[in-house]
Amino acid sequence: MITRVDSYLHSVPLSGAVAEQLGPFTLFRSTTVWPYYARPVPGSGATIEPDDIERVRARCAELEIPMSFEWVVETCPSLGPAAISAGLTAVEHPLLVLERKDFRPAVADARCEILPADDDEVRRARAVVGLAFSEPGTGVGSAGPAERDAAAAEVPDDVAAALRDRMLRGVSVGAAAYTADGIVASGNHQPVDSVSEIVGVGTLPSMRRRGLAAAVTSTLVEHALDHGVEVVMLSAQSEAVAAVYKRVGFRQIGHAGAAE
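The sections below set out a description of the structure shown in this document. What you see is a predicted model; the values in this text were computed from it and never measured.

Our next topic: the pattern of salt bridges. This model, assessed by the stated rule, comprises 14 salt bridges. With its nearest N and O atoms 2.7 Å apart, the salt bridge here joins Arg-59 to Glu-20. Taken together, the positions of Arg-59 in helix α2 (residues 50-63) and Glu-20 in strand β1 (residues 17-22) put the pair 39 residues apart, joining distant regions of the chain. This pair shows no difference in class: Arg-59 is buried, exactly as Glu-20 is. Of the charged contacts in the structure, one is a salt bridge between Asp-119 and Arg-123, with a shortest N-O distance of 2.8 Å. Placement of both Asp-119 and Arg-123 in helix α4 (residues 119-134) is noted, with a separation of 4 residues, approximately one turn of the helix. One salt-bridge network, in which partners are shared between bridges, spans Glu-20, Arg-29, Arg-59 and Glu-62.

Our focus in this paragraph is the pairing of strand β5 (residues 90-99). Sheet analysis places β5 next to strand β11 (residues 251-259), joined by 8 bridges and oriented antiparallel. Counted as the bridge partner of Val-91 is Ala-258 from β11. Where β5 meets strand β10 (residues 231-235), 5 bridges bridge the pair, whose relative direction is antiparallel. Bridged to Leu-95 within β10 is Ser-235.

What follows concerns the pairing of β11. Bridge count between strand β4 (residues 69-72) and β11: 4 bridges; the pairing is antiparallel. Residue pairing across strands places Trp-71 opposite Gly-257, the latter belonging to β11.

In this structure, Ile-198, Val-221, Val-232 and Phe-250 are the most contacted members of the largest nonpolar core, which totals 42 residues. Among the elements that make up this core, the one with the highest residue count is helix α7 (residues 212-226) (7 residues). Ile-198 has contacts with Asn-188, His-189, Thr-217, Leu-220, Val-221, Val-232, Met-233, Leu-234 and Phe-250, leaving out every residue within four places of it along the chain. Membership of the second largest hydrophobic core comes to 19 residues, among which are Ala-38, Ile-48, Cys-76 and Ala-259.

Rules and cut-offs
Residues numbered from 1 in each chain as written. Predicted model: local features only at pLDDT ≥ 70, side-chain atom pairs only at ≥ 80, totals over all residues. Heavy atoms only, no water. Salt bridge = Lys/Arg side-chain N within 4 Å of Asp/Glu carboxyl O. Helix = DSSP H or I, 4+ residues; strand = E, 2+ residues; numbered from the N terminus. Buried < 20%, exposed > 50% of the residue type's maximum accessible area, 1.4 Å probe, protein only. Pairing = 2+ DSSP bridges. Core = buried A, V, L, I, M, F, W, Y, C linked by side-chain atoms within 4.5 Å. Contact = heavy atoms within 4.5 Å.

From the geometry alone we can't say anything about function, so treat these as descriptive.
Right, dumping it as structure tokens:
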């Protein structure tokens with residue numbers, strides 16, 4: 001399973017990037033409005049050294065793009081120590097998967113449905129996620145519908161257009177939870193063949209502790225399983241956040257590493 005997830009994570013950036021080989025790494029050079037990263041080639045068994053990091057650093061400087069790395073810790077355990085030795089900051093997050101037999105649908109006091117590729121809806125959903133990640137964790141915070149609407153008005157046109165394009169191409173599927181205040185939680189899944197990753201699930205901080213993230217995740221999982229996906233995966237911000245996903249049926253298989 002962890003090998004299958006690693007292979008998926010190496011293919012999913014290709015919907016918005018071109019791949020360039022640099023020693024033991026694939027550098028994904030973005031063709032859209034947000035940057036990508038470098039990953040160790042799945043199955044190579046390479047031991048990453050600080051010099052390998054420096055080669056990527058030099059190439060990113062040449063291309064004038066930010067340098068970052070993502071990987072599955074269990075399939076490339078040498079990358080984290082090499083990144084730290086090269087002066088990068090490295091973190092690990094719980095890596096979880098869900099198969100159909102383990103799915104336990106979640107509901108909340110909100111209407112959850114697949115998000116249309118509508119400009120206003122996409123902007124509001126993006127704003128919700130931005131506010132959620134600005135106040136990380138699972139505790140109730142301050143930002144609510146008024147802050148969402150203000151942030152939605154500030155979403156750059158090119159970002160909104162890129163998000164809509166991905167939805168229209170089917171490489172990203174959005175879902176949202178709605179109350180009388182409009183969108184209060186949102187997230188996406190990104191299918192490639194029989195695997196999909198759930199990304200960017202966030203709840204307005206003022207609306208936390210109501211099961212909205214689990215309900216949005218459940219809606220995304222159901223859509224994925226209904227459209228040919230066999231394995232749904234995600235990386236959680238923390239063990240506390242991972243617990244939310246485990247209630248839907250996810251189980252931890254390892255750790256996702258990130259360095260920048």
